[in-house]
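Summary of the model geometry
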Amino acid sequence: MADTALHTEHHTSTGLSNVKLGMWLFLGSECLLFGGLISTYMLYRGRVGEGPTPSQVFDIPFTSVSSFVLLMSSLTMVLAVSAANQKDDRGTTLWLTITALLGATFVGGQVYEFTAFYNEGLGFTTSLFASSFYVLTGFHGVHVTVGIIMLMSLVGILKRSKVPGSKSETVEMIGLYWHFVDVVWIVIFTLIYLIPV
Amino acid sequence: MAIIERPATDTPAVVAPTVPSAAYGALKRPVSTTSTWRSWLFTVDHKKLGLMYGAVALFFFIVGGLEAVLIRLQLAAPDGKVLNADLYNQMFTMHATTMVFLFVMPMASAFANYFLPLQIGARDVAFPRINAFGFWAFLFGGIFINMSWFLGGAADGGWFMYAPNSGPIFSPSNGIDFWVLGLQITGIASLTGAVNLIVTVLNMRAPGMSLMRMPIFTWMVTVVQFLLLFAMPVITVALFLLMFQRNFDATFFDVAAGADPLLWQHLFWIFGHPEVYILILPSFGIISEVLPVFSRKPLFGYPFVVFSGAAIGFVGWGVWAHHMFASGLGPVSVAVFSVATMAIAVPTGVKVVNWTMTMWGGKLQFTVAMKFAIGLVVLFTIGGLSGVTHSVAPSDTQQTDTYYIVAHFHYVLFGGAILGLFSGFYYWWPKMFGKMLSERIGNWNFWWMVVGMNMTFGPMHILGLQGQPRRMYVWTEARAGEGFFNLGFWNLIASIGSIILTIGVLFFLINIFVTARSKKQAPLDPWDARSLEWMTSNPPKEHNFDSLPTVGHLDEFFHRKYQEDENGQMQRVKSAEEVLKELEDNADAHIHMPSPSYWPIVLALGLPVIGFGIIYSIPLALLGGAIVLFGCYGWALEPSTATEDEIDPPSGGQSQEVVKVG
Amino acid sequence: MDRDLYPHLPHSGVTMTTEQTHEEATHQHGMSNAGYVKIALILAAITALEVSTYYIDFGPFFMPSLMIMMVVKFVMVVSYFMHLKFDNKIFSWLFYAGLFLAIGVYVAFLSTFKFFIA
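This write-up is about the structure you can find in this document. (Residues numbered from 1 in each chain as written. Chains lettered and ligands numbered in written order. Predicted model: local features only at pLDDT ≥ 70, side-chain atom pairs only at ≥ 80, totals over all residues.)

Per the secondary structure count, chain A includes six helices and zero strands. When the helices and strands of chain A are read in sequence order from the N terminus, they spell out α-α-α-α-α-α. Along the first, second and third principal axes, the C-alpha set of chain A runs to 75 × 35 × 25 Å. Considering chain A as a whole, with its 197 residues, one finds that 55% of them fall into the buried category. Across chain A, the fraction of contacts at a sequence separation of at least 24, relative to all contacts at a separation of at least 6, is 81%. (Helix = DSSP H or I, 4+ residues; strand = E, 2+ residues; numbered from the N terminus. Buried ≥ 20, exposed ≤ 12 C-beta atoms within 10 Å, placed from the backbone. Contact = placed C-beta atoms within 7 Å.)

Pasting the structure below:
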């Protein structure tokens, strides 16, 4: 009497996947985390002490390109999920790798940007604006980095076909995380960079 | 697969396989064992985890209680010499921290972990390994915070840790660093637990168990998980900012650099107010189970109790600045938060009405569990009334930072949350341990605790209005005021009360000890209860239910035992044993249970190492990070041995071992 | 739940399977790869428009248009890339509950500092 249900079925009360529900709950809680960091920045953005002001250090063209890169990584991520749903292992691996590369480009851009700011006199402890800026963007950058590690780990695991559980779901879950990190940047880019103090 | 035969009724209990599952490289799974220490260290069973949460929480209750007794000894007489000012600061900080984060929250987790899956007719939670990780993270976090006692002094800024007082200038020892990092670690446990239990409640209910057929305890725990999910990140932000200030020279709370101390207060209390509802709602849930059982009546107004719980959870987000009325917010903010705070009394009042109406006209049985439950209704109401007086901002301006506030929150927390937990102990002990706690000793436990509690905290209302401030390490005769019933008198009464309270708690420990030594077994359903957790053996089998029940009613278990006759009277048609036998006779042939795992404890171990690293040496933090990373990879790669399609969730990439019934 | 052991129970209503929800979803699964690229191009265009506020004086429309563009991008990524528009409403409720709670609480927080008063 083998149970012949499909591999994609989840026998749950809602019919929804445990992991997917869990991921959306986690993302809901992350809104409170980033909201707190953004609010701290908003409170302190005008408190520049003796150090440089936002308009003195921000390089909008550069950050715009970075933002565009991260945005495009969301596209490649969704293409990876699409490939995974179609059981296209090569396509999945390809798009996951490109996503990770775009993400790494973004992080590289952040590192370059922070180095430039530091050289212009904006250290972590220079002023309240500085500290809250670096903490907010730093937390975001760490989230992106964790995402890149997950993407590359997934590529590695896929290559050896040793994913416990459903492959396409795993890709989709990492995709949700990745898009969320992108969406946070959409907010940060607008509120922090584009709205002058 | 072979043809499944119905097991004979005298077959032995389920035995898990003893062969280690397939290895991935060098990473073997631990073997499922029965009662060695390994079976506890690597368990993912929600019941074992619940027991461990409970044992550790009880230990910290004693620690926090001793901290309180030291405070009361210091304040019993003028010019106390028991604690100097510095130690006193550490004592009240750690007393509160321990009680809130290391006793009440984990004890509620203990009950939730043990009973929520049983109450919804599930075999475990959605993510058993994450559940295990949460416990170990809590344990290591709690130990980590308390190591500060031996490493230069404990945190001394009050449990609310107001900045800049909590900054490196005013608090140079490492105590607050241990506090900050330790709470981050326990906070991860709370957050992951929240995701876990919400998914469990949404996805793992037995057939027919709609949301409005779930027991109230499950409902209240679910609301709490949502509160944790959204509140923990806020204190996470606050703790990070404080950590950056203390350890990396940031100036987030440095007034000279232009910082605003209110930033800390807001962030802390945006977390802190939902936190107090996190503390009380599980106990509300417990007594919502206990009162109906010992009134021989269903809960009055079930939907109202559900919705008022959700309303408390929701409105609780809008009141946090009532902790800041005297901080200089300005009249508009104060007025808004004052009105919001008054509003929140309403859903709580709804609950009190429903509990009272449950008892009204019922055939009351004054077991110890029932006494504790009634105690909650009475004492929490008293605490709630003083709370209402705080909501009136002008009078709170006098009350704030005095012992009147201390009285309020001890009535709601001790008289409310803790009495509720004790009700849970006495109610659920037979199910967990197969033995009933002694009612005789239990009565001593109850009365000494209640008398002691009222004697300790009742006078604090008066002390507060007489002007005794909080966090004052000593009082003198000169400051004690005139007359016989002055600060001195009431402080002495309160201190004597605390000793009586301590003896009350001692009776509980004696009860545990005596019960453990007793040979008397408890029946399956000693209280003639109503919900599914009682439809199990004593204690429940590892897989909880031989067959998952199909639920047709609220209070399903009750309805299996009782049917309405022609006259509309409830008549007993089956005993608990007969109901259980029905499940056993229909036992599932193949039950898939999640396997034990090393990774939760390994991952959890990395966290305090990171903590030590941040305090003492960054390379150590990197080592901790490496352990965490190693744990993550091991966990993610843990091999799957069972087929993908599972009869019972949890699904989603976990190893499962087949457990044969019969 | 094993349908062989519980044949008397209806196949829907008591428990659901993603098989069913997937079927419902596939009908609305309108997003092909081309569709995703289109969304990405729209997002890129809006980003360009946002950046243009740095160079062009939008006058009194500056704040409103920037905020609207930010929200539109946010909702588009969440609805299409994260598939929320096509998925079960529970996911939307859970996520937006967190989002609106965050907005509510933090706007109130900043208001106490008179942040929104010019």
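Looking only at helices and strands, chain B has 18 helices and four strands in total. Whereas a compact globule of 662 residues would reach a radius of gyration of roughly 26 Å, chain B reaches 25 Å, a difference of no more than 12%. On the principal axes, the C-alpha backbone points of chain B span a range of 85 × 70 × 50 Å. Among the 662 residues that make up chain B, the fraction classed as buried is 56%. Contacts spanning at least 24 positions in sequence make up 81% of the contacts within chain B whose residues lie at least 6 apart. (Rg over C-alpha atoms; globule rule 2.2 N^0.38 Å.)

Attention now goes to the nonpolar core. All names here are of chain B. Ranked by size, the top nonpolar core spans 282 residues in total, and within it Ala 57, Ala 137, Ala 238, Val 290 and Ala 373 carry the most contacts. Tallying contributions element by element places helix H6 (residues 216-248) first for this core, with 23 residues. For Ala 373, the residues in contact, after removing those within four places along its chain, are Ile 287, Val 290, Leu 291 and Ser 423. (Core = buried A, V, L, I, M, F, W, Y, C linked by C-beta atoms within 7 Å.)

What follows covers the interface of chain A and chain C. Taken together, the 44 residues of chain A in the interface contact 45 residues of chain C. Counting residues per element, the ones that place at least two in the side of chain A that touches chain C are helix H1 (18-44), helix H3 (60-85) and helix H6 (167-194) of chain A. Broken down by element, the residue count for the side of chain A that touches chain C peaks at 12 residues, all from H1(A). Residues that form the side of chain A that touches chain C fall into these classes: 23 nonpolar, 18 polar and three charged. (Nonpolar A, V, L, I, M, F, W, Y, C, P; charged D, E, K, R; others polar.)

All names here are of chain B. Tracing the backbone shows Gly 175 in helix H5 (residues 175-203). A sequence separation of 85 residues divides Gly 175 from Gln 90, and the C-alpha atoms of the two residues are 8.5 Å apart. Gly 175 has contacts with Gln 90, Ser 148, Gly 152, Gly 153, Ala 154, Ala 155 and Asp 156, leaving out every residue within four places of it along the chain.

A pair of packed helices can be characterised by two numbers: the angle between their axes and the separation between those axes. Residue and element names in this part refer to chain B. Where helix H4 (residues 128-147) contacts H5, the two axes come as close as 8 Å, and the packing angle between them is 165°. As judged from the angle between their axes, H4 and H5 are roughly antiparallel. Considering how the two elements wind past one another, H4 and H5 form a crossing that is left-handed. Residue-level contacts link Ile 130, Asn 131, Phe 133, Gly 134, Ala 137, Phe 138, Phe 140, Gly 141, Gly 142, Phe 144, Ile 145 and Met 147 of H4 to Phe 178, Trp 179, Leu 181, Gly 182, Ile 185, Thr 186, Ile 188, Ala 189, Thr 192, Gly 193 and Asn 196 of H5. Classifying every residue of the contact of H4 with H5 gives 14 nonpolar, nine polar and no charged. (Axes fitted to C-alpha atoms, helices over the stretch in contact; angles between N-to-C directions. Parallel < 35°, antiparallel > 145°, perpendicular 65-115°, else oblique. Left-handed = near helix turned anticlockwise from the far one by under 90°.)

Remember, this is a structural readout, not a statement about activity or role.
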